[in-house]
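Chain by chain, the residues run as shown.
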Amino acid sequence: MACAVVLDLDDTLWTCDGGCVSFLSLPFTRVSEDTLRDARGRLLHLRPDARPLLDELRDRGVVVSIASFNLPLHAQHALRALGLGDRFFRPQIATISKREMLRRLHLSLQRNGMGYRDMIFVDDDLKNVILARALGITALCLGRDIHSLADVRGYLM
Ligand SMILES: [Mg+2]
């Protein structure tokens, strides 16, 4: 059965100085496979289990997307600098509510025959997890329900 994995960015896919990619200063420079440095020397680290999970999801044909409250310019720049710019289906990166991001993504996924019940959402913020569950999404709180992105594998349909 088809499913879609939707990921938050800050403190889920990556961690960064200041806590939020929108607070970093462009441009970003890639200093190792999974680390970026901003214009003022602050660092962003892709979680070590992120790339293996994204590779596995791609190989299994799982749709992967993003729901992240951030400035699109900063987040897209970071994703491109990490070599992940083309990995995500209709990434929702905006300064709007997560509920609206998930609703918009659901509209796109419906055209592929998927509904909220086919979506797995991962976020470190419990309040986002709760609102996603209210929509019928399988929502996982990183740090509570799962302790590593690798654990997402156990929820794939
Ligand atoms: Mg977060």
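For the structure, check the block above.
Conventions we followed
Residues numbered from 1 in each chain as written. Predicted model: local features only at pLDDT ≥ 70, side-chain atom pairs only at ≥ 80, totals over all residues. Helix = DSSP H or I, 4+ residues; strand = E, 2+ residues; numbered from the N terminus. Contact = placed C-beta atoms within 7 Å. Buried ≥ 20, exposed ≤ 12 C-beta atoms within 10 Å, placed from the backbone. Arc of directions from axis to C-beta.

Q: Whenever I open this one, the overall build of the chain confuses me. Can you help?
A: Helix and strand counts for the chain stand at four helices and nine strands. Going from N to C terminus, the chain has its helices and strands arranged as β-β-β-β-β-α-β-α-β-α-β-α-β. Reported as C-alpha extents along the three principal axes, the dimensions of the chain are approximately 45 × 30 × 30 Å. Taking the intrachain contacts of the chain between residues at least 6 apart in sequence as the baseline, contacts between residues at least 24 apart amount to 59%.

Q: Explain helix α4 (residues 126–134) here, please?
A: Residues that lie three or four places apart on an α-helix share one face, since the helix turns once every 3.6 residues. Turning to α4, its buried residues number three or more, namely Asn128, Val129 and Ala132. Buried residues of α4, viewed axially, fall in a sector of 100°; they line one side. In α4, those exposed residues whose orientation departs by more than 90 degrees from the buried face are Lys127, Ile130 and Ala134. At its buried positions, α4 is contacted by α3 (98–110), β8 (119–123) and β9 (138–141).

Q: When you look at helix α2 (residues 72–81) in this model, what are you seeing that I'm missing?
A: Of the positions making up α2, those classed as buried are His74, Ala75, Ala78 and Leu79. The buried residues of α2 occupy an angular sector of 130° when the element is viewed end-on, so they sit on one face. In this fold, the buried residues of α2 make contact with β4 (35–37), β5 (43–46), β6 (63–69) and β7 (92–94). Looking one or two residues beyond α2, the residue adopting positive phi is Gly83, at roughly 75°.

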